[in-house]
Structures are given as C-alpha cells and as structure tokens.
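Geometric and topological summary
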Amino acid sequence: MSKPDFAEGVDSSLVNEGGIGAGTFDGQDVVVVRRNGSLCALSGVCTHLKGSLADGILVGDTLRCPLHHARFDITTGEAVDAPAFEPLQLYAVAEEDGKIRITGELAPGERTAPSNSVSERIVVIGGGAAAHALAEMMARHGAAGSLVLFSDDSDAPYDRTACSKAYLAGDSSREDAALPLPGTRVNIRHEVIRAIRVAEREIETAAGERLGYDKLVIATGAEPIVAEFAGSARDDVFTLRTLADADRLIAACKTGRHAIVLGASYIALEAASSLRKRGLQVTVVAPDEIPLAKTVGPEMGAVVHDLHRDNGVSFHLGREVTSWDGGHATLDDGTRIAGDMIIAGTGVRPRVGLAEKAGLEMASDEDGGGILVDAYLRTSDPHIHAIGDVASYPDPRLGHRIRVEHWVVAQRMGQWLARTWLGLETDAYDAIPFFWSGQFDLNLRYVGHASDTDDRIIDGEPAAQDVAIVFREDGADQALLTCGRDRQSLQTEAGWEAR
C-alpha cells in the first residue's frame, strides 16, 4: 500500500491532536504531528538506526523512536536524547481547506540558548558513550572550548554496541560505527591517565604531564572479566569491549571455524548470534541453567535458548571451562569441546582504579559497586563527577542506589550533565534506564530497572515473540521487557516519567 504524498495534500483527519501522520514528500518518508493545534513536519526516519518514526509516539514536544527510544524536538528537529545525535530534517507545512500540505524543506530550527556561559577548565577521562555524549552536547551549544577529553582507546568515539552486533556480524562497516564527532571544538587526546591529584585539582598522564581542572568527569566505563582457567591468557582467548577487540576476533574468524563462547550474558549471546551469521560453529558454555533468566525471567530466557539452538548454537549450561589448550576446552565435568577460539562474555566490572587511588568514596557491593555519586552525579569531591557504567546513583523511582551498564543510560547521563552546566537542566538526574538486545531475529527492549525477576506479570506469548513482562519491586511496577511491542515500551516509559 502506497503512502500518502503530502506534496499533493492529505486529508486533515489523518493527523489528530497528539497524533502522527505518515507519508512521503519528494520521495522521502515524512511524518506530520499535531501538537496544541499546530502542525510540524519532519523526516520520518530516525537518524540513529533508521527506525520508522511513524511507529513512535509523541510526548510533549518530543517525537520518540520505537526502536531504541531516541527523542527529537518536533519544533527544531534536534536529537535531544540519545542514542540519536543528528537532527531530523524539518519541512514547511500548511493546512487549508481540510488538507495538509508540505511545501518544502526548512533550515534547522534554533535550539534553546544556554543560560550559562561555561568557561571552567573541564577534563573528561574516558572515550565511551558517556564521555562522547557529554562532549558532543557541550560542543553542540558552542561551549566546549575549555574541554579536554582523554581516551585510552586508539579510535575516535564509536558505537560500542556494534562490537558484538552489526560490525561483528559483518552487517556494517567500521565507518558505520563512528559516532558524530564534536569536531575541532573539543580537544580529544588519546592518552592514558595515570593519576588524579585531588588536592591540586590536576590529572597526570602516563607520560608525566599534569593538567589542571575546575571540573573533572570520570567516565571510564567497565572492563570485561575473564574467568581464570588454565590457558585463559592465550592469544586465542578474546574479549569484546573495543573495535580493536572486534577486529582481532574478525581476523581470527577468517581461519577459525568453531568458536566457544563463555557466558550467557547479552554480549556473549549477541556475539554468538553474530558469529553464526559469519558461518562459524558456536558453542556456549555458561554456569547459568537458563540464559538471561536473571533479567528477562525463565520464560523469555527459554525462548532465547531455543532461538539460539534452532540457529545452530550448541549449549553446555550449568558448566564452566577449567582449561583451554588452543584446540580443546575442558569443562568442569570432564567434557572436552573442540574449538579454534574462546570469546569471554562473562560480565564486566567498573573501571574505578583511578577513583579509588584518588580517595573518592566507593559504593558498596549491595549498591552495585562503582563510584558513589549523589542525585546530581557528584562524587565525594564536589569538583568531580562520575557518569556511565562507573556511577552508583540514587534512583528516585526505586528509592535506592543502582549502577547500570547500558549504552543509552551512559549517553543520557553525559547529556544531562552537560545540560546542567549549560543551565538547560536544573532537576536532579532521574532518567529511566533503557536498553535493547538483538539476537538473530529476536529484538528485546527493556525499560526501567528491577533487581530480580521473581515478581513478574506476563502478558502475551514469549515463544511467539509477542510479549510484555512487568517486573515488580516491593509491589510496584519497576521494569518492562517487551518483544514485538515497541509502542507499549515507549508508552510505559512515558507514563513512568509523568509520575
């Protein structure tokens, strides 16, 4: 069925108040939204991973993508919340005689001007999601002139989710993983930081250079945990954190035919899916009885297991590797598995070494570990903030601390912190966590946070990939897992935000 052409005029009834009308203009997908009686016309394709915005929802002045929950200002086209950064194209739209017409493209709308002038010396340690998003937001508003970002990654900022998904699978290129660069307005230095000197408000590089700061941001992320077993230090045991890690694994796939994946984490299972797409035999070894059951529940975990099995992945669950000799892995029950490589997806730990040595207060294991921050992401030193995977922060909905290892959460922390400095944000940090996972043809969306899956309400059929599962804490809905119900995920998130 062809989409209506807004150049020719579309009946006004297509776009109700608070609604989204989909069509085309000059051969491009567009959407027209009606907010408080006024119409706005924008590109209909999300600038993150090309999700259809016609299937999204309108919340206030933001249009939200159903795939990965990127948000756009309908009046300016600006990507106001990650994972999208590039704006949407705006169009001139008019309504007359019961018809809505788009007449041409518009220049980008003006963003809200910052109320603060940022002149302090800002140093950011880290080159991942949180650090990049902070720097990009500062640069977007012309306020990054005094910001220096130190990254120990040799590559410019990129989307690390591609390392276990599209890039590893061969579905995208290295260039596709690149994040929009803040440009010359941000000084990015690919160097290792050796120490934070709190008393002097200085950082020290591995080369011995000292650099002063007025504001310091620790965004060092997390690092893979590799289980210790005989042979775990061999070169054919891989982890997946960086593009360079993915490069090494892809190179090994050119000669290797059988991969052994350790763990049943999201990264492990995404890697298993990607390697199967490359034609490798894949065996998963994990101590879990059911994959992902700790976050999605046993019913959906069983669906994940069966999906992988049906796509040729072998499992040894309830087991661990005790040794690896480069050709065989021996399990704790004596089973020997032939393989050419091992990929460790056995979890991550926050990279807090610099913060610990600097004497910053750490969160307890009960609070998820990491660096203790307040509701404004400040550490125990008021001149230092921590964002992303390293930050243990008070979640206002849950009423207790959490530390979240999700890409979009890290990005939105960085964006929020930049907005506070710019005077565009005054409230405490209260963004609702969100993540997604793609494995074969299965797409999961998870909104909120729950410490376990014991108290859950299932609506739909997990095996049919048409399900919504609510997870509760202390009798209150705190998280929602959906499969095949993207709009419900968006609507639930918006409803929780409005409380």
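Coordinates for the structure precede this section.
Bear in mind that the values here come from a model prediction, so they are computed numbers and not experimental data.

On to the overall build of the chain, then. When helices and strands are counted, the chain shows 9 helices and 36 strands. Computed over its C-alpha atoms, the radius of gyration of the chain comes to 24 Å, within 12% of the 23 Å expected for a compact globule of 499 residues. Principal-axis analysis of the C-alpha atoms places the extent of the chain at approximately 80 × 60 × 50 Å. Expressed as a percentage of its 499 residues, the buried residues of the chain come to 54%. Here the chain has roughly 20,800 Å² of accessible surface; of this, 45% comes from carbon and sulfur atoms. Taken together, the 48 basic and 75 acidic charged side chains of the chain have centroids lying 3 Å from each other.

Another aspect to go through is the sheet that holds strand E29 (residues 384–386). Taken in spatial order, the 5 strands line up as E13-E12-E11-E17-E29 in an open sheet, and their pairing is parallel. Unpaired on one side and paired on the other, strand E13 (187–189) and E29 mark the two borders of the sheet. Between one strand and the next, the sheet's axes are offset by a mean angle of 20°, whatever the strand orientation. Where strand E11 (residues 122–125) meets strand E12 (residues 147–150), 4 bridges bridge the pair, whose relative direction is parallel. If you follow Ile 122 over to E12, its bridge partner there is Leu 147. The strands touched by helix H1 (residues 129–140) are E11, E12 and strand E17 (215–218); relative to E12, the strand with the most contacts, the crossing angle is about 160°.

All told, the structure shown has 38 salt bridges when counted by the stated rule. Where Asp 152 meets Arg 351, a salt bridge forms, and the shortest distance between an N and an O atom there is 2.6 Å. Pair noted here: Asp 152 is in the loop between E12 and helix H2 (166–169) and Arg 351 is in the loop between strand E27 (348–350) and helix H7 (353–357), with a separation of 199 residues, a long-range link. On the accessibility criterion, Arg 351 (23% relative accessible area) is partly exposed. Residues joined by salt bridges that share partners form a network here, namely Arg 64, Arg 71, Asp 81, Arg 419, Glu 493 and Glu 497.

Right, let's get into the side chain of Ser 489. Relative to the helices and strands, Ser 489 is located in helix H9 (residues 486–497). Leave out the neighbours within four places in its chain, and Ser 489 touches His 69, Arg 445, Val 447, Leu 480 and Thr 482.

With that settled, the discussion passes to the packing of H1 against helix H8 (residues 407–422). Axes are the key here: two packed helices are described by the angle between their axes and the distance separating the axes. Two elements in contact, H1 and H8, have axes separated by 7 Å at closest approach and are oriented at 35°. Handedness of the H1/H8 crossing: right-handed. Contacts from Ala 129, Ala 130, Ala 133, Leu 134, Met 137, Met 138 and Arg 140 in H1 reach Trp 407, Ala 410, Gln 411, Gly 414, Gln 415, Leu 417, Ala 418, Arg 419, Trp 421 and Leu 422 in H8. A per-class count over the contact of H1 with H8 returns 12 nonpolar, 3 polar and 2 charged.

Moving on, we get to helix H6 (residues 293–310). Note that an α-helix has 3.6 residues per turn; residues three or four places apart therefore point the same way. End to end, H6 covers just 19 Å across 18 residues, shorter than the expected 26 Å (1.5 Å per residue, more than 12% under). Maximal helix bending in H6 amounts to about 85°, located at Glu 299. Among all positions of H6, only Ala 293, Val 296, Gly 297, Met 300, Gly 301, Val 303, Val 304, His 305, Leu 307 and His 308 are buried. Buried residues along H6 sit against helix H5 (266–277), strand E22 (313–317), strand E32 (434–439), strand E33 (442–448), strand E35 (466–473) and strand E36 (476–483).

Summarising the element assignment, Asp 389 is placed in the loop between E29 and strand E30 (391–395). Although buried, Asp 389 forms no salt bridge, and the nearest oppositely charged side chain, Arg 403, lies 5.9 Å from it. The contact partners of Asp 389, leaving out residues within four places of it in the chain, are Gly 221, Ala 222, Pro 350, Arg 403, Val 404, Glu 405 and His 406.

Parameters and conventions
- Residues numbered from 1 in each chain as written.
- Predicted model: local features only at pLDDT ≥ 70, side-chain atom pairs only at ≥ 80, totals over all residues.
- Heavy atoms only, no water.
- Helix = DSSP H or I, 4+ residues; strand = E, 2+ residues; numbered from the N terminus.
- Rg over C-alpha atoms; globule rule 2.2 N^0.38 Å.
- Buried < 20%, exposed > 50% of the residue type's maximum accessible area, 1.4 Å probe, protein only.
- Areas by Shrake-Rupley, 256 points an atom, 1.4 Å probe, with all protein chains shown as cover.
- Lys, Arg positive; Asp, Glu negative; His and termini not counted.
- Charge placed at Lys NZ, Arg CZ, Asp CG, Glu CD.
- Pairing = 2+ DSSP bridges.
- Axes fitted to C-alpha atoms, helices over the stretch in contact; angles between N-to-C directions.
- Contact = heavy atoms within 4.5 Å.
- Salt bridge = Lys/Arg side-chain N within 4 Å of Asp/Glu carboxyl O.
- Left-handed = near helix turned anticlockwise from the far one by under 90°.
- Nonpolar A, V, L, I, M, F, W, Y, C, P; charged D, E, K, R; others polar.
- Expected span 1.5 Å × (residues − 1).
- Bend = angle between axes of the 7 residues up to and from the residue.

None of this, on its own, says anything about what the molecule does.
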